[in-house]
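Examination of the molecular architecture
Each chain is listed here by its residues.
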Amino acid sequence: MGMHRWERVAQASGLMAADGTVTSTIFAEMSALATRTGAVNLGQGFPDADGPEHVKDAAVAAIRAGRNQYPPGPGVPALRRAVAQHQRRYYGLDVDPDTEVLVTVGATEALTAAILALVGPGDEVVTLEPFYDSYAAAIALAGAVHRTIPLHPGPDGFRLDPAEVAGAFTPRTRLAVVNSPHNPTGTVLTRAELEVVARAATDHDVLVLTDEVYEHLTYDGATHTPIATLPGMAARTLTVSSVGKSLSFTGWKVGWLHGPAELVTAVRTVKQYLTYVASGPFQEATAVALSDDDGATSTYLTELAGSLQDRRDLLCRALSDAGLAPVVPRGTYFVVADGSGLGHDDGAELCRELPGRTGVVAIPVSAFCTPGGPVAEELRSWVRFTYAKSTTTLETAAHGLARLKG
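Residues numbered from 1 in each chain as written. Predicted model: local features only at pLDDT ≥ 70, side-chain atom pairs only at ≥ 80, totals over all residues. Heavy atoms only, no water.

1. Structural notes on the nonpolar core
Here is the rule: Nonpolar cores are built from buried Ala, Val, Leu, Ile, Met, Phe, Trp, Tyr and Cys residues. Side-chain atoms within 4.5 Å join them into one set. Only protein chains enter the accessibility calculation, which uses a 1.4 Å probe. A residue is then buried if its area is under 20% of the maximum for its type, exposed if over 50%, and partly exposed in between. Segments assigned H or I by DSSP are reported as helices when at least four residues long, segments assigned E as strands when at least two residues long, and all are numbered from the N terminus. An automatic or database domain assignment provides the domain bounds reported here. Whether two residues are in contact is decided by their heavy atoms: any pair within 4.5 Å suffices.
Membership of the largest hydrophobic core comes to 94 residues, with the highest contact counts inside it found for Leu175, Leu209, Leu238, Phe385 and Leu401. Element by element, the count of residues in this core is highest for helix α11 (residues 296-321), at ten residues. There are two domains that each give this core at least three residues, and those are domain 1 (5-50 + 298-402) and domain 2 (53-294). The residues contacting phenylalanine 385, other than those within four sequence positions of it, are Leu42, Leu315, Leu319, Leu324, Tyr333, Phe334, Val335, Ala337, Leu354, Val360, Ala362 and Leu401.

Put into structure tokens, the structure is as follows:
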């Protein structure tokens, strides 16, 4: 008898033990450890401060105005228009809000619904590796085959090898998932790297699904380039983002995707049987944020990116001073660091020790890799920390991390 679908998901996510039992995720384990020990939780990527007041006020106004019942299936019209305006303002993309935009329950639903809609058993899906953990689970749910392109650490951050990009695509490849700015490494793919991926996708007639939730959170002059803006790519690309990371409202779960109408229709057909609809008042508030008629959102985004860059620098200094070796990220909420310099060749074991030794919780990078695969082995000693916390919290973490060197 073949594997049940849930078993494929557990196996793809590294949750199935050798005896067939299913364990909890490392994320749940580390969060429970933080609660039990009172350690500073730098493992989970959510901010400890809310987003802009004018957006919260818009949500309250929507609730008081009675926008509390089911919103339209494709999403509130004002939000679909605002997504189209946002893409035109920032990237010059021409998007039809009526046929080419779909509002989802966060970016995770957009990504999962797209994978379920566009691939099936025997199809191959290419992602970068390390990868956000939901990608592998969604690919397993679809019954598809997961292939990866490694990101390798170096003096210029984590980078792609063009030969490995080309080698990941085969005649059976149906979809490529591109995540930039990238979780967990914090790299921002260059235009040249995106062109290599785009060339492979075009040569093999592959659709592209992008995860751009950190699009506004880049540092040191790094520029986020949506792959849909490259020549010929808009016709084969579904672009995903959300309000969670850029505007610090992770609990609102308002996401969206846009792309060619026929692809959006396919995703909507699946999405309506996952959650149907959600977040009516928060959709209204997100429309206000993305429309940005008075510039308040743009100001917030600029200030947030500057503040995160300062907090990134604080945490990177603390990691370096503690004897860990961080790769300075140019985007996202996260920094990864190598523990091998302190004699730790197993990042998972290091993460289990950190709360007791330093009062800090982190996540092993191997949790974002194919279990037992070559990238998991290459990055076995690496751990991920978030700096999307207050300066006070990060200073407390820095004080604790200093104990490592002692």
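2. Describing the pairing of strand β8 (residues 207-211)
Note the cut-off: If DSSP finds at least two bridges between two strands, the strands pair. Here the term right-handed applies to a crossover when the path leading from its first strand over the helix to its second strand runs clockwise, the strands being oriented away from the viewer.
By the criterion of burial, β8 is predominantly enclosed, with five of the five residues buried. The alternating pattern of β8 places Leu207, Leu209 and Asp211 on one face and Val208 and Thr210 on the opposite face, and all of these are buried. Summarising the sheet, strand β7 (residues 173-179) and β8 pair through five bridges and their orientation is parallel. Along β8, the bridge assignment pairs asparagine 179 with aspartate 211. Crossover connection from β7 via helix α8 (residues 191-203) to parallel β8: handedness right-handed. Judged from the four bridges that link them, β8 and strand β9 (residues 237-242) form a sheet pairing that is parallel.

3. Section: the domain arrangement of the protein
Stated precisely, the cut-off is as follows: A 1.4 Å probe defines the accessible area here, and the buried area is the portion of it lost by two parts on being joined, summed over both. For salt bridges, the criterion is a side-chain nitrogen of Lys or Arg within 4 Å of an Asp or Glu carboxyl oxygen. Counting of polar contacts relies on pairs of N or O atoms within 3.5 Å, with two restrictions inside protein: one atom must be capable of donating a hydrogen and the other of accepting it, and residues adjacent in sequence are counted only when both atoms are side-chain atoms.
For the protein, the domain assignment lists domain 1 (5-50 + 298-402) and domain 2 (53-294). Each of domain 1 and domain 2 has a C-alpha centre, and these two points are 23 Å apart. In this complex, domain 1 contributes 37 residues to the contact, which on the side of domain 2 involves 42 residues. Of the roughly 3,400 Å² buried at the junction of domain 1 and domain 2 (both faces included), carbon and sulfur atoms supply 60%. The largest per-residue losses of area from domain 1 upon contact with domain 2 belong to Arg330, Thr332 and Phe368, which jointly make up 20% of the total buried on that side. Here domain 1 and domain 2 share two salt bridges between them. A salt bridge links aspartate 50 to lysine 56; the nearest nitrogen and oxygen atoms lie 3.6 Å apart. At the surface where domain 1 touches domain 2, the tally comes to 15 residue pairs in polar contact (both at pLDDT 80 or more). Put simply, the parts of the chain that give the side of domain 1 that touches domain 2 at least two residues each are α1 (5-12), α11, β12 (334-338), α13 (374-378) and β15 (382-386). Considering every element that reaches the side of domain 1 that touches domain 2, the biggest residue donor is α11, with eight residues.

4. Re the UniProt feature "domain: Aminotransferase class I/classII large" (unreviewed entry) in the protein
Spelled out, the test is: UniProt positions are given in the numbering used here, feature names are shortened, and annotations may be inferred rather than shown by experiment.
The feature "domain: Aminotransferase class I/classII large" (unreviewed entry), as given by UniProt, occupies residues 40-399 in the numbering adopted here. The distance from the first to the last C-alpha atom of residues 40-399 is 11 Å, and the span holds 40% helix and 18% strand.

5. A short note on the pairing of β12
Consecutive residues of a regular strand have side chains that alternate between opposite faces of the sheet. For β12, the tally of buried residues reaches five of five residues, placing the bulk of the element in the interior. The two faces of β12 match: Phe334, Val336 and Asp338 on one face and Val335 and Ala337 on the other face are all buried. What sits between strand β11 (residues 325-327) and β12 in their antiparallel hairpin is a turn of six residues, with threonine 332 showing a positive phi close to 75°. Here β12 pairs with β15 via five bridges, running antiparallel. Within β15, the position partnered with alanine 337 by the bridge is valine 383.

6. Brief notes about the packing of aromatic side chains
Note the threshold: Pairing of aromatic side chains requires ring centres within 6.5 Å, counting the rings of Phe and Tyr and the six-membered ring of Trp. Pairs whose planes differ by under 30 degrees are stacked, by over 60 edge-to-face, and all others tilted.
One pass over the full model with this rule turns up ten aromatic pairs. Relative to phenylalanine 282, the ring of tryptophan 252 has its centre 4.5 Å away and its plane inclined at 10°; by these criteria the two rings are stacked. Here tryptophan 252 is found in the loop between β9 and β10 (255-258), whereas its partner phenylalanine 282 is found in helix α10 (residues 280-291), with 30 residues between them in sequence. Residue tryptophan 252 is classed as buried on the basis of its relative accessible area, which comes to 11%.

7. With respect to the packing of α11 against helix α14 (residues 391-405)
Note the following rule: Every axis in this analysis is a line fitted to C-alpha atoms, fitted for helices over the stretch in contact. Angles between the N-to-C directions lie between 0 and 180 degrees. Comment on the angle field: the value is read as roughly parallel under 35 degrees, roughly antiparallel over 145, roughly perpendicular from 65 to 115, and oblique elsewhere. Any residue outside Ala, Val, Leu, Ile, Met, Phe, Trp, Tyr, Cys, Pro, Asp, Glu, Lys and Arg is labelled polar, Gly included; the first ten of those are nonpolar and the last four are charged.
Where α11 meets α14, the closest approach of the two axes is 8 Å, and the angle between their N-to-C directions is 10°. Classified by the angle their axes make, α11 and α14 are roughly parallel. Contact residues: α11 offers Arg311, Leu314, Leu315, Ala318, Leu319 and Asp321, while α14 offers Thr391, Leu394, Glu395, Ala398, Leu401 and Lys405. Across the contact of α11 with α14, the residue classes break down as seven nonpolar, one polar and four charged.

8. Section: the sheet that holds strand β3 (residues 124-129)
The strand order across the open sheet built from seven strands is β2-β10-β9-β8-β7-β3-β4, with neighbouring strands paired in mixed fashion. With partners counted over all chains shown, the strands left at the sheet margins are β2 (101-104) and β4 (145-150), one partner each. Looking at each pair of strands side by side, their axes are set apart by 20° on average, direction ignored. Examined bridge by bridge, β9 and β10 share four bridges and lie antiparallel to one another. Across the sheet, residue serine 242 finds its bridge partner in β10, namely glycine 255.

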